[in-house]
Amino acid sequence: MGGFSLIVLLLGNLLLLLKPCSTLPLCTDLTGAFKPNTTLTFCTSYTGKTCCDSAEDSALQQQFQAMNITDPGCAAVVTSILCAKCDPFSAELFRVKTSARSVPVLCNSTVSANSTQSTQASANFCSQVWGQCSNISIVNSPFAASLQGQAGTTSTSNSTKITQYWQSQSNFCSAFGGASLDDSVCFDGTPVTFNSSATLSFPSGMCLEQIGNGSYINMVAHPDGSSRAFFSNQQGHIWLAILPAQGSGKMMQVDVSSPFLDISDLVSFDTEMGLEGIAAHPNFAQNGRFFASFNCDKSQWPGCAGRCSCNSAVNCDPSKLSADNGALPCQYQSVISEFTANGTSPNISAATSAQPIEVRRILTMGLPFTTHHGGQILFGPADGYLYFMMGDGGGVGDPYNFAQNKKTLLGKILRLDVDNIPTAAEISQLGLWGNYSIPSDNPYTEDTALLPEIWAMGFRNPWKCSFDSSRPAYFMCGDVGQDTYESVDMITKDGNYGWRVYEGPYLYTPLKSPGGNTSANSIREIFPVMGYNHSSVNQQQGSASITGGYFYRSMTDACMYGSYIYADLFGAAMFSGIENPEDSGNFNQSLIPFTCASDSPIPCTFVNGSTVPSLGYVLSFGEDNNNDIYLLASSGVYRIVSPSRCNYACSKEVVTPPSPSPSPSPTTSTPSQTSCLSLPKNAMLLCSSLLLILLGFI
């Protein structure tokens, strides 16, 4: 192994040790924080997003009163500890994924850490708790030791003093104290905050190159880690393409006459209908399992028929839909089907085609209207479950209030286990819509009113969602608005994103309500983390519609690294969102200019002397195995490239000038974006990690 390769490997491994994961704002039940309808009267420190409503606030107050603490100083400290349950980061404070503590991890300055959390003022909070409360009687003390010696993991006892269980401050803080690490937080007596000293620096512009013709609606990187990717159009064709290396000047290679899979004879294609989503199983290279989400017409294909989503269980009469629908009730269906690649293990990843016959029908559901049925599918990178994005079913203002109805799949994100197929009896018993199992940690186990498939609810029409390739807990979705606002939501378990009570951050009043209404006081809406008003973009055709994107994790544009990139469908606006502070769940965003490189493999089209390329509609985004980001537009396939190719300034860009002379020795060379991209995937990722260190990201 060369010297440079060894350095890259060592620093890459060091990077993995320094930043194993990132904190995500989550409550102790692993749901997202929300803004309560009324101000909290006990846990008054929590005034914005919180994990407590008035009922939970009252319960904490009653718990505190039952402790019968007479010392004011200790009472204040214990109050803050109890109220940590209301902190948006309470899942991390209480380590619910591991030890499920009854007391949050108390900040202890004796434990060193490379911290991004703002704990300097009260870094010794654990010793403060000891000093205030060690000799104070507390009924049902949360600081009682368990039989295992863990920090309050068992039931509490009657009136106690801390000194009855812990002989010294050192012992006490060993059990209850900890540090704020890069992958966690600790409690310092106040709501969790993060250092925000860094100056926001949005990309100066987005430089594109066009590498392909044709209009595609989905792009999925091949799971084998190669430079191949699947592309699909709305009509029902799926191709396997080879992507060119960055800076090669080449176009993507795709044989349009030979699709990987053609199901156009099954697909019903229209403006908002067709082949909507594709996904390769995480173990595709071994099992060849491939999934497609599409719409079909049961009057044209008998195999299309399924249960109607408009039924008595959701206060919807199918016989009344025909007048509004202009078609038979549930004539059109949303379908998820499984196919298999042609080939046998261990060479199945090399397959260039799939059998056009369904292996298994995963889900079939009749649609009340012909619009707003999302359709994207993707596998969760951490859990391996299939996520299905479903809109509210259509109709202006969701007239039947499907998005807020827990007994329908419309207006929801579903989470399905497609690796464990139930029997017909089990499907019937559970009332499932197809051949899948329910993950045991889906939120219906806590909220029995929910259908078991539901992961999150309150969506109008989620159009393009993605997991952050560096932080799988960050699950982002664009949700198309009605009249006013386009939303970017951070999706969490059992989250309610408001539609149609809200349109983004605004209260919404529906024109018609045959399905009834939901009051704002009855839901815990999680507001968008980003988004835009229709009036803020240069609208084409008098409208606006969001196309969700990705966190940019390539070093091709070092100044864009870490930004969430998304767009308006009509191609007039590109947005960059930056989390500020990092790991806080709070985002700032900005419109960013964009243009096309003069040396683009396919010359971009500009109209009337404009510097903005004519993209047409920005239908979707894609990410390849090198984490480069692609725009799928009605005018072709575009890729984000080095900003210098469009004369955009980026102080972090490492440019390797062309030279006819031999390359420097590997033992003395400095890695650049070009040298990293020329390596195999694993080595490329390590090389990029070294670049992050050199450029000051780490």
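What you see is a predicted model; the values in this text were computed from it and never measured.

Quick notes on the rules
- Residues numbered from 1 in each chain as written.
- Predicted model: local features only at pLDDT ≥ 70, side-chain atom pairs only at ≥ 80, totals over all residues.
- Heavy atoms only, no water.
- Helix = DSSP H or I, 4+ residues; strand = E, 2+ residues; numbered from the N terminus.
- Buried < 20%, exposed > 50% of the residue type's maximum accessible area, 1.4 Å probe, protein only.
- Contact = heavy atoms within 4.5 Å.
- Areas by Shrake-Rupley, 256 points an atom, 1.4 Å probe, with all protein chains shown as cover.
- Phe/Tyr/Trp six-rings, centres within 6.5 Å; stacked < 30°, edge-to-face > 60°.
- Lys NZ or Arg CZ within 6 Å of the ring centre and 35° of its normal.
- Salt bridge = Lys/Arg side-chain N within 4 Å of Asp/Glu carboxyl O.
- 1 Å grid on protein atoms, 1.4 Å probe; cavity = no way out; pocket = protein on both sides within 12 Å on 5 of 7 lines; lining within 4 Å.
- Points joined across faces, edges and corners; volume = space filled by probe spheres on them.
- Axes fitted to C-alpha atoms, helices over the stretch in contact; angles between N-to-C directions.
- Left-handed = near helix turned anticlockwise from the far one by under 90°.
- Nonpolar A, V, L, I, M, F, W, Y, C, P; charged D, E, K, R; others polar.
- pLDDT = per-residue confidence, 0-100.
- Expected span 1.5 Å × (residues − 1).
- Arc of directions from axis to C-beta.
- Polar contact = N/O pair within 3.5 Å; in protein donor to acceptor, adjacent residues only side chain to side chain.
- Pairing = 2+ DSSP bridges.

Student: Any chance you could break down the overall build of the protein chain for me, citing the residues and the numbers?
Tutor: Within the protein chain, the regular secondary structure consists of 11 helices and 29 strands. The buried share among the 698 residues of the protein chain stands at 55%. Counted over contacts in the protein chain with a minimum sequence separation of 6, partners at least 24 positions apart contribute 65%. Carbon together with sulfur atoms contributes 51% to the accessible area of the protein chain, which is approximately 28100 Å² in total.

Student: Break down the packing of aromatic side chains for me, with residues and values.
Tutor: Within this structure, the stated rule accounts for 34 aromatic pairs. Look at Y387 and W455: their rings are 6.2 Å apart centre to centre, the planes differ by 85°, and that puts the pair in the edge-to-face class. Residue Y387 is located in strand β13 (residues 386-389), and its partner W455 is located in strand β15 (residues 454-457); the two are separated by 68 residues in the primary sequence. In this pair, the class of Y387 matches that of W455, namely buried. Cluster of aromatic residues (ring-pair linked, three or more members): Y474, Y532, F551, Y564, Y566, F575 and F587. If you follow K85 out to its NZ or CZ, it ends over the ring of F94, 5.2 Å from the centre. When the ring centre of W463 is taken as reference, the NZ or CZ atom of K464 above it lies at 4.5 Å.

Student: Break down the pattern of salt bridges for me, citing the residues and quoting the values.
Tutor: Within this structure, the stated rule accounts for 18 salt bridges. Among the ionic pairs, E446 bridges to K493, the shortest N-O distance being 3.5 Å. On the criterion of sequence distance, the pair formed by E446 in the loop between α9 (424-430) and β15 and K493 in the loop between β18 (485-490) and β19 (502-503) is long-range, its members being 47 residues apart. Overall, the relative accessible area of 9% leaves K493 in the buried class. Salt-bridge contacts for D468 lead to R553; the nearest nitrogen and oxygen are separated by 2.8 Å. With D468 in the loop between β16 (462-467) and β17 (475-479) and R553 in the loop between β22 (546-551) and β23 (564-568), the pair connects residues that are 85 residues apart, well separated along the chain. The residues D468 and R553 share a single accessibility class, namely buried. The network of salt bridges with shared partners includes D468, R471, R553, E579 and D583.

Student: Break down the layout of surface pockets for me, citing the residues and quoting the values.
Tutor: One number sums up the size of the second largest pocket: a volume of about 710 Å³. Lining the second largest pocket are 34 residues; nearest its centre among them are D29, F34, D53, D494 and R524. The element contributing the most residues to the lining of the second largest pocket is helix α2 (residues 54-67), with three residues.

Student: How would you sum up the packing of α2 against helix α3 (residues 72-83)? Please name residues and give values.
Tutor: Between α2 and α3, whose axes approach to 10 Å, the crossing angle comes to 145°. As α2 runs across α3, the sense of the crossing is right-handed. Every residue of α3 that contacts α2 at L60, Q63, F64 and M67 is listed here: A75, V78, T79, L82 and C83. When the residues that make up the contact of α2 with α3 are grouped by side-chain class, the tally is seven nonpolar, two polar and no charged.

Student: Quick rundown of the confidence of the model for the protein chain? Include the residues and the values.
Tutor: Mean pLDDT over the protein chain works out to 87, with 84% of the residues at or above the 70 mark. Within the model, pLDDT remains below 50 along residues 1-21, and this stretch shows 28 contacts once partners closer than five positions in the same chain are excluded.

Student: Break down the environment of K407 for me, citing the residues and quoting the values.
Tutor: For K407, the position within the fold is in the loop between β13 and β14 (412-416). For the pair formed by K407 and A313, sequence separation is 94 residues and the distance between their alpha carbons is 6.9 Å. Beyond its immediate stretch of four places on either side in the chain, K407 contacts A313, V314, T448, A449, L450 and L451.

Student: Explain α3 to me, using residue names and the numbers behind them.
Tutor: Its 12 residues place the ends of α3 16 Å apart at the C-alpha level, agreeing with the 16 Å of an ideal helix rising 1.5 Å per residue. Here α3 lies mainly inside the structure; nine of its 12 residues are buried. By the burial criterion, the buried members of α3 are C74, A75, V77, V78, T79, S80, I81, L82 and C83. Residues of α3 that are buried in the fold lie against α2, β1 (106-107) and α5 (125-133).

Student: Quick one: what's the story with helix α6 (residues 169-176), residue by residue and with numbers?
Tutor: Restricting attention to buried positions, one finds in α6 the residues F172, C173, A175 and F176. On an axial view of α6, the arc spanned by its buried residues comes to 160°, and they lie on one face. Those residues of α6 that are buried lie in contact with β1, α5 and β2 (177-178).

Student: Can you break down the side chain of S141 residue by residue, with the values?
Tutor: With respect to the helices and strands, S141 occurs in the loop between α5 and α6. Exposure remark for S141: the relative accessible area of 2% places this residue in the buried category. From its side chain, S141 meets the backbone nitrogen of F143 in a polar contact 3.0 Å long.

Student: Give a description of the sheet that holds strand β24 (residues 574-579) that names residues and reports values.
Tutor: Judged by pairing direction, the sheet is antiparallel, and its four strands sit side by side in the order β22-β23-β24-β25 without closing on themselves. At either end of the open sheet lies a strand with only one pairing partner, and these are β22 and β25 (587-591). For this sheet the average axis-to-axis angle between neighbouring strands, irrespective of direction, equals 25°. Both β23 and β24 contribute to a ladder of four bridges, which runs antiparallel. The residue bridging Y566 from the neighbouring strand is F575, located in β24.

Student: Describe empty space enclosed by the protein, and please don't skip the residues or the numbers.
Tutor: Counting across every chain of the model gives one cavity of 30 Å³ or more. Around the largest cavity, the lining comprises 14 residues; the ones closest to its centre are D479, S487, W499, E503 and G504. With three residues, β18 is the single largest residue contributor to the lining of the largest cavity. A breakdown of the residues in the lining of the largest cavity according to their chemical character gives six nonpolar, four polar and four charged.

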